[in-house]
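A closer look at the structure
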4 protein chains.
Amino acid sequence: MGPKGQPDPAGRGSAAATPEQRTEHLAPPLGIGMVGYAFMGAAHSQGWRTAGRVFDLPRRPVLSAVCGRDPAAVRVAADRLGWAAAETDWRALIARDDVDVVDICTPGDSHAEIAIAALEAGKHVLCEKPLANTVEEAEAMAAAAEAARARGQVAMVGFNYRRVPATALARRMVAEGRIGTLRHVRVAYLQDWLVDPDAPLTWRLRKESAGSGALGDLGAHIIDLAQYLTGERISGVSALTETFVRERPLAGGPSGGAARGQVTVDDAALFTARLPSGALASFEATRFASGRKNALRIELNGELGSLAFDLERLNELSFHDHTEPGVSAGFRRILVTEPDHPYLDAWWPPGHGLGYEHTFVHQARDLVHAIASGTGPDPSFADGLQVQRVLAAVEESAAKNSVYTTVPA
Amino acid sequence: MGPKGQPDPAGRGSAAATPEQRTEHLAPPLGIGMVGYAFMGAAHSQGWRTAGRVFDLPRRPVLSAVCGRDPAAVRVAADRLGWAAAETDWRALIARDDVDVVDICTPGDSHAEIAIAALEAGKHVLCEKPLANTVEEAEAMAAAAEAARARGQVAMVGFNYRRVPATALARRMVAEGRIGTLRHVRVAYLQDWLVDPDAPLTWRLRKESAGSGALGDLGAHIIDLAQYLTGERISGVSALTETFVRERPLAGGPSGGAARGQVTVDDAALFTARLPSGALASFEATRFASGRKNALRIELNGELGSLAFDLERLNELSFHDHTEPGVSAGFRRILVTEPDHPYLDAWWPPGHGLGYEHTFVHQARDLVHAIASGTGPDPSFADGLQVQRVLAAVEESAAKNSVYTTVPA
Amino acid sequence: MGPKGQPDPAGRGSAAATPEQRTEHLAPPLGIGMVGYAFMGAAHSQGWRTAGRVFDLPRRPVLSAVCGRDPAAVRVAADRLGWAAAETDWRALIARDDVDVVDICTPGDSHAEIAIAALEAGKHVLCEKPLANTVEEAEAMAAAAEAARARGQVAMVGFNYRRVPATALARRMVAEGRIGTLRHVRVAYLQDWLVDPDAPLTWRLRKESAGSGALGDLGAHIIDLAQYLTGERISGVSALTETFVRERPLAGGPSGGAARGQVTVDDAALFTARLPSGALASFEATRFASGRKNALRIELNGELGSLAFDLERLNELSFHDHTEPGVSAGFRRILVTEPDHPYLDAWWPPGHGLGYEHTFVHQARDLVHAIASGTGPDPSFADGLQVQRVLAAVEESAAKNSVYTTVPA
Amino acid sequence: MGPKGQPDPAGRGSAAATPEQRTEHLAPPLGIGMVGYAFMGAAHSQGWRTAGRVFDLPRRPVLSAVCGRDPAAVRVAADRLGWAAAETDWRALIARDDVDVVDICTPGDSHAEIAIAALEAGKHVLCEKPLANTVEEAEAMAAAAEAARARGQVAMVGFNYRRVPATALARRMVAEGRIGTLRHVRVAYLQDWLVDPDAPLTWRLRKESAGSGALGDLGAHIIDLAQYLTGERISGVSALTETFVRERPLAGGPSGGAARGQVTVDDAALFTARLPSGALASFEATRFASGRKNALRIELNGELGSLAFDLERLNELSFHDHTEPGVSAGFRRILVTEPDHPYLDAWWPPGHGLGYEHTFVHQARDLVHAIASGTGPDPSFADGLQVQRVLAAVEESAAKNSVYTTVPA
């Protein structure tokens, strides 16, 4: 049989390598089962396929099975994305012996049920963000993860932007004290794919499936990233949200058809926040920033220095060292591609940049290490729950005339 | 007597040019009297000295007299900055026959008294921003300006950042409809001169002299600029303010001395806002953003395009045309140095940039035109009053748990 | 047996998917055999592993075997990189039935022998750049490729920087006439890994293995890219070369040992050139540009517009449209991540950037299409030969006091 | 008589200040006489008017007289630009008692005659660049300057780009050893005002008036700047020049008229060079780089660091410190607006940028100091002569098939 799970008609490729010859120096396998195979599923697949090819891992990820409702489509996806088997029922996927990790890439309304079932079945879990559509669901998930942790299981939330080498470097520099006492955090996640009022009404625009709009999709990322980078948890928020276009054509409807539906989520969310250290923060999440495609931007200002990042230039980190003499100080552009930068020792020579998908390779790597070592993971379901509580506080503040709303501990 | 108030001992320079020979093609003079000669006074002087050398003006600015309390110091300043006479009492300055325009460059607590007296004396007035330290003062000033307007007098507030060619171009493009329906305004004014906790307690850090801190100093600029660029007035705000360092060494105290005083103004102010069009806005003003020296940044996102500006690169305007095919669309960097850009026909060839001080040259130019034409000016004292009302709403919201606070019309 | 060519000791993963179930909708396999598995080998492996997972391909790449001299090391590399078999003799690799394409990732001194043997054995060939170490070798290779082409075989040179979406877009825009008559080409490839005079003397610094230094390694890339983007071939050159550090520690020698060897290649090469259209070009290749990690920069200026690219920001292309009114013209930053950009329809949503390694995925994709369609490939061995002739003209000019030296047609 | 050449009808402004009151603390005057009042004349006027208003100078510049051939036009220019008197014969200007410095802002073909006459008349001289149109003229000028120097006179060439704070800072950092042994200099001066083939045939496109084209106009600047920043003189060059558009409409001809004339200068010049230290350099000067308005760019790479500058962002200097750990190294953007940056202590607070014209203010400042101190000036006529020799070597190499051509010492 041929390489990479591909059938090898004509018996080609069988000569030099047999499993027996090779097993000894290989790490033991770790079977992955993935639910959902759309955009996120494709990205996760690339992560699982690649992590063991690049990093030295204590367990070797094996793409055991993928799950989706349409039998023919999931079969095609399995072959395309490199999964050995296809399932149409996520319960069957969880039940498979060759699945050690359940990777949940579905919309938020199904996260709680699948994740809890997987944890109860003794599986490790990776769950896409936001953890859930409600605080209640997230609480149940965190409780399940806590219980499973006692059994040696790992449950991680897919805040993949922690795995950009530049953001991981920023975290390291903050932890090392390079920016000192924090004063300001300035975060925005700007996209523009809803600017056109005739963009269709997809599941992401319906509260029942997505939970919220830009807030949950983009806001969840920047809340987590801000908390990760600062090492602090948001104390409270004051928020505004808005839905600019309240009715859109039904997705899949006839082109030019009159059928339209209500947008039931926010198009944009802005909020200010306080951190326990006394720092002030501002957040903005929107899909209406014309020309900004994936501009997740974060800047931290501290007494000793500042850091700035923009996901549209993800191989770069800006750093200002305020302890230097002013005459030669300035924001420097660190090209985060050196061997001693996070994740980089396994990749290419300096200056040969990585892309978006590598965050999923790194996420896979980190999850495998967490499983093998029994520590972590970061971010845990408890971290995901806390992000959910911030999201809820944002919605509560927005509903109450922006009044400052404390985030429960 | 020599050129520009300089004595000409050897009688040199008297040969070829007599007033008689030259008067006919010269515009009639416009006498300027300036109160205050510190940083702002130096900048205004540069504006008055230069405007008539570069632009064709209907009236020719003459630097008649400058006023300050210390007789020796104001005399030196007059010679240095090019003012023909020096005064030590602003009432005497206003009373001078050779003063047509009173230019007020003092701290905010004296603006109202001087401006109202000057207007009542029949003078035109240019007043530095913020217009006043309180809404009440600003209302009195606006009323005085309104009364004076009926007598043909002009009263302008010194929001000089409207006079950067790039911001003026942005306003023109918004007015032409280049960005369409507005969705977002994102504004920050970031400086870092208070990061050091031992920076001294100057008048700018005392409520009685400065009115407020970053809010009035930087926030006033960005409120005015945002309203100018959008052509809209802020409906309401939700705000946070903070004083990070509450005690500082007294200015002028003995070095290393123990004498410290209370900082009675904000170090930073953040607020979100709504505009009548339905657009959302965010504002941040701070002097604690390490490494950001004068980063006034504004971005507007509309349905048809976006505009972005950063004062640290003041010769540039970023523009994204969302009506272009996506395949070749992107934020373009317009170098705002072409002859058909605002103010540029009088300056240097393309690519030969201007600086900060040119905003004062342009302000002088625009004020002279407003006086000659009897129209305008922009921004008027009424505009300054409205900014003051936004500032007051910010402080009120900050004092009331960030609750959304409407700005009175 | 488990997915992805990985043995599955515990028999896991065997359930749902058998080759029989899946074969019908899969494209027929295309067996790849790779010689060399260092930096380039790892990059090519990533390309071969991924191309069929992302793109719809007429043939399905199968990583049949990899070849290296050290049996244990090549075995480990095979497992790590995902190759089914390992060989220690490149002649054996060529002879394998399951190898349809021979991918040559060795130093330049072995390219000619391997490539010609592979072509004579009826295999398709992908050969890393520069095509060879001498014009004579390159001529023999081009002749072999020409002969093989008549037999339906494809021979491509690995100028992977043609496969950056941004450079491919630039080529498309030039071909569409967006920049008009060409006036200037400005190209540099700047790295800095030899700045330290104690960096070791590797094979890349010895003429017998590498052929030349920065010239062949970096210069070959920018010559090809300039010719590709302009659609023109360099007419003649005037060159300077220099070896700044003429002696270095022997690689692998004892740390701090006194053993040093001669650097026999150039550290930097600069040349000016003329193109048939009358345009002027400048080229610079160096490994001594401190702080520049992988700065391949190219700018084209034409009568109707300009294009600029920097490999350190490989998801971006700068474009100036000179036909626009000057008032709103400027270099725009096209984020080359839209679905209608080259290669992008198969990848992630807008703004989710790619990295260096994707050039190898795209190269694999393009080679598979060339093989399946029997057209192309671009760049052919003839193209590689022509680059070799430019390199030779550069060396000749440098040896003759920089005199302008014509490149043979 | 009114301030700065302005008549003061009605006796206004006469009250408080008499020369007697003020003379004591003023520096003694330094009379300036300027020849030519077009673009360069306006820029120099701004420099002379402003220098003494901003800097503490040992002599006080007085704008005594300006000279031009058209009596009415020069009279208007005098009033506009602030010159007390107008002359129509440069010999008369030189003869004036109130002229201590002759400032030559005419095309290059008249530089030698005027400068030599002024020096022989005992005047200090500031001469616009390039110093002359031929090496012979430049030699005569340098000889005259040398003779005059013995009499205490100063003769400076107007290479104003040495006076950008960022370039002056770069020079300081190079001199301090911040970049170590130099390896590369990369310089380009890119403009685009001749891209349109119907741009008119001005004096700048005629060899008899301008000497050369882009080479003398732009190339002279970058040769001087490269030599200034490195502290080295170019050893030899290898050059290509080209005239892309050989015929253009006569300036001032009827619009759409058929009258065209020959362009007799280069449109672009490219050359490579060697420096005595062993460093390699590349130069490009062109007026055909669409979208590049005034892009004078220079980058220096040394063993310890790199510096980069772009005149289109003249308040910034990029610096890479190669002695820092790679993990946090990168090109930093120094905003050259701090008080301890060159020239900046006299200007505005940090972040409040300067513009193009300030180079002329600084040039005036530096010339006044040179005159008062009897040292310098930099750049001297000898420096200007050396640049002229490089220009001549470029033309010689271009005429001889680009052969490497030594620059005479």
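Residues numbered from 1 in each chain as written. Chains lettered and ligands numbered in written order. Predicted model: local features only at pLDDT ≥ 70, side-chain atom pairs only at ≥ 80, totals over all residues.

**Remarks on the domain arrangement of chain A**
Residue and element names in this part refer to chain A. Taken domain by domain, chain A consists of domain 1 (26–161) and domain 2 (164–406). Computed from C-alpha coordinates alone, the two centres of domain 1 and domain 2 are separated by 23 Å. At the interface, 40 residues of domain 1 touch 43 residues of domain 2. When residues of the side of domain 1 that touches domain 2 are assigned to their parent elements, the largest contribution, eight residues, is made by helix H2 (residues 39–54). (Domains from an automatic or database assignment. Contact = placed C-beta atoms within 7 Å. Helix = DSSP H or I, 4+ residues; strand = E, 2+ residues; numbered from the N terminus.)

**Describing the sheet that holds strand S5 (residues 124–128) of chain A**
Hydrogen bonds between backbone atoms are what pair the strands of a sheet, whose relative direction is either parallel or antiparallel. All names here are of chain A. Read across the sheet, six strands follow the order S3-S2-S1-S4-S5-S6 without closing on themselves; strand pairing throughout is parallel. In this open sheet, the two strands that pair with only one neighbour each are strand S3 (85–87) and strand S6 (155–158). The sheet shows a mean angle of 25 degrees between the axes of neighbouring strands, taken without regard to direction. When strand S2 (residues 60–67) meets S3, the two strands line up parallel, connected through three bridges. Paired with cysteine 67 across the bridge in S3 is glutamate 87. Sheet strands in contact with helix H3 (residues 71–81) are S2 and S3, and its direction is about 160 degrees off that of S2. (Pairing = 2+ DSSP bridges. Axes fitted to C-alpha atoms, helices over the stretch in contact; angles between N-to-C directions.)

**A look at helix H9 (residues 214–230) of chain B**
Residues and elements named next belong to chain B. For H9, which comprises 17 residues, the first-to-last C-alpha distance of 23 Å matches the rise-based estimate of 24 Å (1.5 Å per residue) to within 8%. In terms of burial, H9 is largely enclosed, as 17 of its 17 residues are buried. Positive phi shows up at glycine 231, right after H9, with a value of about 75 degrees. (Expected span 1.5 Å × (residues − 1). Buried ≥ 20, exposed ≤ 12 C-beta atoms within 10 Å, placed from the backbone.)

**As for the interface of chain C and chain D**
Facing the 33 residues of chain C at the interface are 33 residues of chain D. Sorting the residues of the side of chain C that touches chain D by element identifies strand S7 (182–190), strand S8 (236–242), strand S11 (268–274), strand S12 (280–286), strand S13 (295–302) and strand S14 (305–310) of chain C as the ones contributing at least two each. Residue composition of the side of chain C that touches chain D, by class: 11 nonpolar, 16 polar and six charged. (Nonpolar A, V, L, I, M, F, W, Y, C, P; charged D, E, K, R; others polar.)

**A look at the relation of the copies chain C and chain D**
Overlaying chain C with chain D gives an RMSD of 0.0 Å, the required rotation being 180 degrees about an axis along which the chain moves by 0.0 Å. What the superposition gives is, in effect, a two-fold axis relating one chain to the other. Ranked by how close their C-alpha atoms come to the rotation axis, the residues of chain C are headed by valine 403 of chain C, at 2.1 Å. Most of the interface of chain C is mirrored in chain D, where 100% of its interface residues are also at the interface. (Least-squares fit on C-alpha atoms with pLDDT ≥ 70 in both.)

**Here we look at the UniProt feature "domain: Gfo/Idh/MocA-like oxidoreductase N-terminal" (unreviewed entry) in chain A**
UniProt annotation of "domain: Gfo/Idh/MocA-like oxidoreductase N-terminal" (unreviewed entry) refers to residues 31–154 of chain A when read in the numbering used here. The span residues 31–154 of chain A carries 48% helix and 20% strand; its end-to-end C-alpha distance comes to 14 Å. (UniProt positions renumbered as here; feature names shortened; annotations may be inferred.)

**Some remarks on the packing of helix H5 (residues 111–120) of chain D against helix H6 (residues 135–150) of chain D**
Residues and elements named next belong to chain D. Between H5 and H6, the shortest axis-to-axis distance is 9 Å and the interhelical angle comes to 15 degrees. Here H5 lies roughly parallel to H6, going by the angle between them. Viewed along their axes, H5 and H6 form a crossing whose handedness is left-handed. Facing H5, whose interface residues are Ala112, Ala115, Ile116, Leu119 and Glu120, H6 presents Glu137, Ala140, Met141, Ala144, Ala145 and Ala148. Its residues assigned to classes, the contact of H5 with H6 shows nine nonpolar, no polar and two charged. (Parallel < 35°, antiparallel > 145°, perpendicular 65-115°, else oblique. Left-handed = near helix turned anticlockwise from the far one by under 90°.)

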